[in-house]
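Residues per chain, in single letters:
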Amino acid sequence: MSILRERRDAVGSWINTASPIVAELMSQAGFDFLVIDAEHSPVDLAQAHAIFQAIGAGNPGCVPMVRLPGNDYATTKRYLDAGARGVICPFINSAAEARELVRSVKYPPQGERGVGYARCNAYGHDIQAAVARANADISVCIQIEHRRALEQLEEIVHVPGVDGVMIGPYDLSASMGITAQFDHPDYLAACERILSVSRAAGLATGIHVVQPLPDEVLSRFRQGYTFIAYSLDITLLGNACRAGLAAIRQPQRES
C-alpha cells in the first residue's frame, strides 16, 4: 500500500545532492521516505537510479520518491521504471493537470503508463506481479504551490488516483506576492484552506519544513498534516557545518 494511503505521520526528507552515499546514510537514519528533487537539483535520471538503489540498500522500509521536473508523461514513467515508489509533481494548477499526472503514473486500465523491462520489475523477471501491484503501491502526490491552484482546489483534490497534496511554501507565497512571508495572514489562510479541503477529500496532506526545526514538524502534525518533508540534505549538511565551525571558532575569538 502507498505510504500516503496509510495516513500515518510520516517524516521524510529531500535529496538535492547526487550522492548515493548521502541517500544511503539518510535512509539508515530512519526516514520514512526520501524524495529526490529532480525539479531544482542537478540530479539526473541515471543518478536517480543509483540513489534509489542506495535508499533500498540503507533501509528497505524507506520509500524512494521523486519530485518530478514537471508533468511530462515520458519523464514520469522513466523515474518510475528506475524505482520511484511515489511521485510529487510541482505546479498542479488544474484538475486536467492532475488527471494527466495520474495517466502517466498508473498502468491500464487506470492510466496509460507503458510497460517495459526495468528496475521496477526486477528487469523483467517480476514483470507481471510488479505491474499488478504498482497502481496500489505507488503514491501520487500533487503540489499546490500557486494561487491559480487555489481557484480549482476542490476539483483538483477529487481527481481519482490522487493520494495526497503537498504545499510548496516558497512558490505558493511567491505567487501571492509575499515570497517567504510564512507568517502573512494570506499565506496562513491559504495553507489552512488547502489542509481543510484535502483532508475532507480523504487525501494525505503534507508540507515541506525547509529548515531543520523538529518543533515545527511536531506542530505541523498537531495541525493535521500527515506527511512532512524535514529539511533537505544540503541544508542539513550546511547548517551542521556552520554550527560546528561557529562553536569551534567562538573560543578562539575569546582567547
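Above this text sits the structure in question.
A short tour of the structure in this document, coming up. (Residues numbered from 1 in each chain as written. Predicted model: local features only at pLDDT ≥ 70, side-chain atom pairs only at ≥ 80, totals over all residues. Heavy atoms only, no water.)

1. A few points about the overall build of the protein chain
- For the protein chain, the count of helices and strands is 12 helices and 8 strands.
- In terms of C-alpha radius of gyration, the protein chain reaches 19 Å, essentially the compact-globule figure of 18 Å for 255 residues.
- With respect to the three principal axes, the spread of C-alpha positions in the protein chain is 70 × 40 × 30 Å.
- Taken across its 255 residues, the protein chain has 50% of its residues classed as buried.
- Carbon and sulfur atoms form 55% of the exposed surface of the protein chain, whose accessible area is close to 11500 Å².
- Averaging the coordinates of the 22 positive side-chain charges in the protein chain and doing the same for the 27 negative ones gives two points 2 Å apart. (Helix = DSSP H or I, 4+ residues; strand = E, 2+ residues; numbered from the N terminus. Rg over C-alpha atoms; globule rule 2.2 N^0.38 Å. Buried < 20%, exposed > 50% of the residue type's maximum accessible area, 1.4 Å probe, protein only. Areas by Shrake-Rupley, 256 points an atom, 1.4 Å probe, with all protein chains shown as cover. Lys, Arg positive; Asp, Glu negative; His and termini not counted. Charge placed at Lys NZ, Arg CZ, Asp CG, Glu CD.)

2. Description of the sheet that holds strand β7 (residues 204-209)
- As summarised here, the arrangement of the 8 strands in space is β1-β2-β3-β4-β5-β6-β7-β8, forming a closed barrel in which the pairing is parallel. The average undirected angle you get between the axes of adjacent strands in this sheet is 25°.
- With 4 bridges joining them, strand β6 (residues 164-167) and β7 adopt parallel strand pairing. When the bridges of β7 are listed, Met-166 appears paired with Gly-206.
- Contacts between helix α5 (residues 95-105) and the sheet are confined to β4 (86-89) and β5 (139-144), with β5 contributing the most and set at about 155° to the helix. (Pairing = 2+ DSSP bridges. Axes fitted to C-alpha atoms, helices over the stretch in contact; angles between N-to-C directions. Contact = heavy atoms within 4.5 Å.)

3. Remarks on the pairing of β4
- Here β4 shows two buried faces, one formed by Gly-86 and Ile-88 and the other by Val-87 and Cys-89.
- Pairing of strand β3 (residues 63-67) with β4, which is carried by 2 bridges, proceeds in the parallel orientation. Each residue of the ladder has a partner; that of Arg-67, found in β4, is Ile-88.
- Handedness of the crossover joining β3 and β4 through helix α4 (residues 73-82): right-handed. (Right-handed = clockwise from strand over helix to strand, strands pointing away.)

4. Quick notes on α5
- Burial in α5 covers these residues: Ala-95, Ala-98, Leu-101, Val-102, Ser-104 and Val-105.
- In this fold, the buried residues of α5 make contact with α4, β4, β5 and α8 (153-157).

5. Remarks on the side chain of Ser-231
- Examined against the element boundaries, Ser-231 turns out to sit in strand β8 (residues 227-232).
- By relative accessible area, Ser-231 is classed as buried at 0%.
- Once you skip the residues sitting within four places of it in the chain, Ser-231 turns out to touch Ser-13, Trp-14, His-208, Val-209, Val-210, Gln-211, Pro-212 and Leu-236.

6. Side note on the side chain of His-146
- Summarising the element assignment, His-146 is placed in the loop between β5 and α7 (147-151).
- His-146 gets classed as buried once you look at its relative accessible area, which sits at 13%.
- Within polar-contact distance, the side chain of His-146 engages the backbone nitrogen of Arg-148 at 3.0 Å. (Polar contact = N/O pair within 3.5 Å; in protein donor to acceptor, adjacent residues only side chain to side chain.)

7. Details of the pattern of salt bridges
- Scanning all chains against the criterion turns up 8 salt bridges.
- Arg-67 is paired through a salt bridge with Glu-39; the nearest N and O atoms lie 3.0 Å apart. Taken as a pair, Arg-67 in strand β3 and Glu-39 in the loop between β2 (33-37) and α3 (45-58) lie far apart in primary sequence, 28 residues in all.
- We classify Arg-67 as buried; its relative accessible area is 7%.
- Of the charged contacts in the structure, one is a salt bridge between Arg-103 and Glu-100, with a shortest N-O distance of 2.9 Å. Taken together, the residues span about one helical turn, with Arg-103 and Glu-100 both in helix α5 at a distance of 3 residues.
- A relative accessible area of 25% places Arg-103 in the partly exposed class. (Salt bridge = Lys/Arg side-chain N within 4 Å of Asp/Glu carboxyl O.)

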